[in-house]
Amino acid sequence: MKVVIDRFEGFYAVCEIEKGRFANIPIALVPDAKEGDIVSIEVLRSETAEKKEKLRSRLTGLFEKN
């Protein structure tokens, strides 16, 4: 999903997500962005699956040791 930074308010970048719809994104997530910049937001499914598997493996290891 691509969003356009409309303006900054306090600690948030106000982004247009669709025509007439806006969402606030913490500035910490877009530290070098400026008004008018286009930001891409994506879900990284393969990385998410890898992370879940690592956590599952660690938890399993904890319970097997005790």
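Our structure's up above, just so we're on the same page.
Now for a description of the structure that goes with this document. (Residues numbered from 1 in each chain as written. Predicted model: local features only at pLDDT ≥ 70, side-chain atom pairs only at ≥ 80, totals over all residues. Heavy atoms only, no water.)

### Observations concerning the overall build of the protein chain
When helices and strands are counted, the protein chain shows 1 helix and 4 strands. Start at the N end of the protein chain and walk to the C end: the helices and strands fall as β-β-β-β-α. Whereas a compact globule of 66 residues would reach a radius of gyration of roughly 11 Å, the protein chain reaches 18 Å, over 25% beyond that. For the protein chain, the spread of C-alpha atoms along the principal axes amounts to about 55 × 25 × 20 Å. (Helix = DSSP H or I, 4+ residues; strand = E, 2+ residues; numbered from the N terminus. Rg over C-alpha atoms; globule rule 2.2 N^0.38 Å.)

### Topic: the nonpolar core
Most often, soluble globular proteins have nonpolar side chains that are buried together. Counting residues in each nonpolar core, the largest one holds 8 residues, listed as V3, I5, A13, C15, I25, V30, A33 and V39. Of all the secondary-structure elements, those providing two or more residues to this core are β1 (2-9) and β2 (12-18). Among all residues touching I5, those that are not within four sequence positions of it are A13, V14, C15, V30, A33, K34, E35, G36, D37 and V39. (Core = buried A, V, L, I, M, F, W, Y, C linked by side-chain atoms within 4.5 Å. Buried < 20%, exposed > 50% of the residue type's maximum accessible area, 1.4 Å probe, protein only. Contact = heavy atoms within 4.5 Å.)

### What to know about the packing of aromatic side chains
According to the stated counting rule, one finds 0 aromatic pairs in the structure shown. Positioned over the ring face of F22 is R7, at 5.9 Å from the centre of the ring. (Phe/Tyr/Trp six-rings, centres within 6.5 Å; stacked < 30°, edge-to-face > 60°. Lys NZ or Arg CZ within 6 Å of the ring centre and 35° of its normal.)

### Describing the sheet that holds strand β3 (residues 21-26)
Taken in spatial order, the 4 strands of this open sheet run β3-β2-β1-β4, and their pairing is antiparallel. Unpaired on one side and paired on the other, β3 and β4 (38-40) mark the two borders of the sheet. Along the sheet, successive strands turn relative to each other by an average axial angle of 45 degrees, direction set aside. One ladder, built from 3 bridges, connects β1 with β4; its direction is antiparallel. For V4, the partnering residue across the bridge sits in β4 and is I38. (Pairing = 2+ DSSP bridges. Axes fitted to C-alpha atoms, helices over the stretch in contact; angles between N-to-C directions.)

Such coordinate-based values are descriptive only and should not be taken to indicate function.
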